[in-house]
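# Structural characterization, general
What follows is the residue order along each chain.
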Amino acid sequence: MGFEFELTSGSPQQLSKPLCVVSPEFVSPNPIHMLSGKKLLALSDGNFGVTDVNGNLMFKLKGKLLSVHGKRLLVDGAGNRILTLQKRLTSAHKRWQCFRGDSTNPRDHVFSAKQVNRTQFKTSLDVFLASNRNQDVADFTVKGNWFEKRCTVYVGETTTVIAEINKKQNAQFMAFGVDNYTITVYPSVDYVFVVALIAILNEINDDKDDDDEK
């Protein structure tokens, strides 16, 4: 396992040190709440966008026009290039690699994610940091049901939760549309890392929809 940390005693949601995967600028001492979904896609020029709870665009995935070799570019609301997501076309499993900026150079490799389960009602991703060369044990896992927009991001195979995706409907979020879902990133967790994982889940789901239509 490439990343280790301890929980602060008596507080299961508070990490003893920040979980920084991409950059310290994306780590907050407070929970981060974001939104994504169909009605929010009008804010992006790709097929995936994330806003804050007030509807301000935070990140978007510039996708299909940059899809040579399965590449997607994650940018912030100002258009700054944050991460490149690249699909491994030769992999037996659906596997994506993530790099810093618009690079695909191995020295800029951040993490890779492998789909473990392909059923409609179960979602499972194993995530390996670049430092985890053997990939015997996943550094993070994503489990849940993407079809219902209910997924949880865990540290490895533990029960330690660092982020959650839920299709919640309350007074605060109803104005953004019934098809939208909330993303909650726990304190001291790199939230752009979580956004990248959700973008990959979205891409995998789009690929599955394309396969079903063939």
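### What to know about the environment of Gly-79
Following the sequence through the fold, Gly-79 ends up in the loop between strand 4 (71-76) and strand 5 (81-88). Residue class for Gly-79 comes out partly exposed when judged on its relative accessible area of 39%. Between the C-alpha atoms of Gly-79 and Phe-59, which are 20 residues apart in sequence, the distance is 8.4 Å.

### Considerations on the confidence of the model for the protein
Regions with low pLDDT carry predicted coordinates that are not meant to be interpreted in detail. Summing up the model confidence of the protein, the mean pLDDT is 79 and the portion of residues at 70 or higher is 70%. Between the elements of the protein, mean pLDDT differs from a low of 77, seen in helix 1 (residues 191-213), to a high of 93, seen in strand 6 (residues 95-100). Confidence drops under pLDDT 50 across residues 209-214; counting only partners more than four residues distant or on other chains, this segment forms two contacts.

### A short note on the pairing of strand 1 (residues 32-36)
Regular strands place side chains that alternate from one sheet face to the opposite one. The element strand 1 is extensively covered by neighbouring structure, given that four of its five residues are classed as buried. Strand direction decides the pairing type here: strand 1 and strand 12 (residues 181-185), joined by five bridges, are antiparallel. Bridge pairing in strand 12 links Leu-35 to Thr-182.

### Some details on the pairing of strand 12
With respect to burial, strand 12 is a largely interior element, five of its five residues being buried. Residues Tyr-181, Ile-183 and Val-185 point to one face of strand 12 and Thr-182 and Thr-184 to the other, with burial holding for every one of them. The sheet contact formed by strand 11 (residues 161-166) and strand 12 spans four bridges and is antiparallel. When the bridges of strand 12 are listed, Ala-163 appears paired with Val-185.

### Some details on the packing of aromatic side chains
For the structure shown, the criterion picks out six aromatic pairs. Between Phe-26 and Tyr-191, the ring centres sit 5.7 Å apart and the planes meet at 85°, which makes this aromatic pair edge-to-face. Of the two residues, Phe-26 sits in the segment before strand 1 while Tyr-191 sits in helix 1, which places them 165 residues apart along the sequence. Each member of the pair Phe-26 and Tyr-191 is classed as buried. Among the aromatic side chains, those forming a connected cluster through ring pairs are Phe-26, Phe-59 and Tyr-191. The ring of Trp-146 is capped by Lys-149, whose NZ or CZ atom sits 4.6 Å from the centre of that ring.

Procedures and definitions
- Residues numbered from 1 in each chain as written.
- Predicted model: local features only at pLDDT ≥ 70, side-chain atom pairs only at ≥ 80, totals over all residues.
- Heavy atoms only, no water.
- Helix = DSSP H or I, 4+ residues; strand = E, 2+ residues; numbered from the N terminus.
- Buried < 20%, exposed > 50% of the residue type's maximum accessible area, 1.4 Å probe, protein only.
- pLDDT = per-residue confidence, 0-100.
- Contact = heavy atoms within 4.5 Å.
- Pairing = 2+ DSSP bridges.
- Phe/Tyr/Trp six-rings, centres within 6.5 Å; stacked < 30°, edge-to-face > 60°.
- Lys NZ or Arg CZ within 6 Å of the ring centre and 35° of its normal.

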